[in-house]
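Coordinates in review
Now for the letters of each chain:
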Amino acid sequence: LGDGGYLAQPRPVHIRPLDRLEAPIVDLATGGDHSMALDAEGMLYTWGLAELGRLGHESQADAPLPRPVLALRNVRVVSVACGMYSSACIDDAFRVYTWGAGGDGQLGHGEAQDEWTPRSVRGLEGRRVVEVALGFRHTCAVCAE
């Protein structure tokens, strides 16, 4: 949930750790047992279950509270999306990064393997990707061309 616990709540929960960020939150996404928040400076935070790498933290440890995705600390993220077991984002140069469950090739890297850290989708390089969406075992991108 992002509040330090894992129990389902019948009402909305205020994610207080996000209040301590220097920049306001501008985008959110939720997936299967994980969530993402993007601040106005382009820093991405994820939390939830780490299974299959969906958090992008290079660790198999779950994150009950929002943590920055350090692999993207030098990238200005502008949009985020979550699938059931995978995650994606778009940077300010229209590059797409995906990570998490990739056993069916749904990350777009040309291999059927999980990725524990964000990885640029080479097949979309040079395209102006403006939106990305993830499902259970697939990923789609919208290009402005």
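My aim in this report is to walk through the structure given alongside it, one point at a time.

Definitions and cut-offs
Residues numbered from 1 in each chain as written. Predicted model: local features only at pLDDT ≥ 70, side-chain atom pairs only at ≥ 80, totals over all residues. Heavy atoms only, no water. Helix = DSSP H or I, 4+ residues; strand = E, 2+ residues; numbered from the N terminus. Rg over C-alpha atoms; globule rule 2.2 N^0.38 Å. Buried < 20%, exposed > 50% of the residue type's maximum accessible area, 1.4 Å probe, protein only. Contact = heavy atoms within 4.5 Å. Areas by Shrake-Rupley, 256 points an atom, 1.4 Å probe, with all protein chains shown as cover. Lys, Arg positive; Asp, Glu negative; His and termini not counted. Charge placed at Lys NZ, Arg CZ, Asp CG, Glu CD. Pairing = 2+ DSSP bridges. Salt bridge = Lys/Arg side-chain N within 4 Å of Asp/Glu carboxyl O. Polar contact = N/O pair within 3.5 Å; in protein donor to acceptor, adjacent residues only side chain to side chain. Core = buried A, V, L, I, M, F, W, Y, C linked by side-chain atoms within 4.5 Å. Axes fitted to C-alpha atoms, helices over the stretch in contact; angles between N-to-C directions.

Now for the overall build of the protein. Along the protein, the regular secondary structure elements total 0 helices and 10 strands. Starting at the N terminus, the α and β elements of the protein follow one another as β-β-β-β-β-β-β-β-β-β. In terms of overall size, the protein behaves like a compact globule, its C-alpha atoms giving a radius of gyration of 14 Å where 145 residues would be expected to give roughly 15 Å. Projected onto its principal axes, the C-alpha positions of the protein cover 40 × 30 × 25 Å. Split into buried and exposed, the 145 residues of the protein put 43% on the buried side. Partitioning the contacts of the protein with sequence separation of at least 6, the portion at a separation of at least 24 is 41%. Summed over its atoms, the accessible surface of the protein is roughly 7900 Å², and 49% of this surface lies on carbon and sulfur atoms. Between the mean site of the 13 positive side-chain charges and the mean site of the 19 negative ones, the protein shows a separation of 1 Å.

The element strand β7 (residues 96–100) is extensively covered by neighbouring structure, given that 5 of its 5 residues are classed as buried. Covered by surrounding structure in β7 are V96, T98 and G100 together with Y97 and W99, the residues of both alternating faces. Pairing of strand β6 (residues 86–91) with β7, which is carried by 5 bridges, proceeds in the antiparallel orientation. The partner of C89 across the bridge, within β7, is Y97. Hairpin connection between β6 and β7: a loop of 4 residues separates the two successive antiparallel strands, and F94 in this loop has a positive phi of roughly 70°.

A separate point is the pattern of salt bridges. In this structure the tally under the stated criterion is 5 salt bridges. In this structure, R137 and D104 form a salt bridge, with 3.0 Å as the shortest nitrogen-oxygen distance. Of this pair, R137 sits in the loop between β9 (129–134) and β10 (139–143) while D104 is found in the loop between β7 and β8 (115–120), placing the two residues 33 residues apart along the sequence. As far as burial versus exposure is concerned, R137 and D104 are alike and both exposed. In this structure, the salt-bridge partner of R119 is E111, at a minimum N-O distance of 2.9 Å. Judged by its relative accessible area of 33%, E111 is partly exposed. Look at the salt bridges and you will find they share partners, linking E111, E115 and R119 into a network.

Turning next to the side chain of R54. Relative to the elements of secondary structure, R54 occurs in the loop between β3 (44–48) and β4 (63–68). A polar atom in the side chain of R54 sits 3.3 Å from the backbone oxygen of M84.

Let us now look at the nonpolar core. For soluble globular proteins, the rule of thumb is that nonpolar side chains tend to be buried together. Within the largest apolar cluster, 13 residues are counted, with the highest numbers of intra-cluster contacts made by L44, L72, V77, V80, C89 and W99. Elements that contribute at least two residues to this core include exactly β2 (34–39), β5 (77–82) and β7. Broken down by element, the residue count for this core peaks at 3 residues, all from β5. If sequence neighbours within four positions are ignored, V80 has contacts with D27, L28, A29, M36, L38, L44, A88 and C89.

So, about the sheet that holds β3. Two modes of strand pairing occur in sheets, parallel and antiparallel, and in both the strands are linked by backbone hydrogen bonds. Read across the open sheet, the 4 strands follow the order β1-β2-β3-β4; overall the sheet is antiparallel. Every interior strand has two partners, whereas the edge strands, β1 (25–30) and β4, have only one. Along the sheet, successive strands turn relative to each other by an average axial angle of 15°, direction set aside. Of the pairings in the sheet, the one linking β1 to β2 comprises 5 bridges and is antiparallel in character. Of the residues in β2, the one forming a bridge with L28 is A37.

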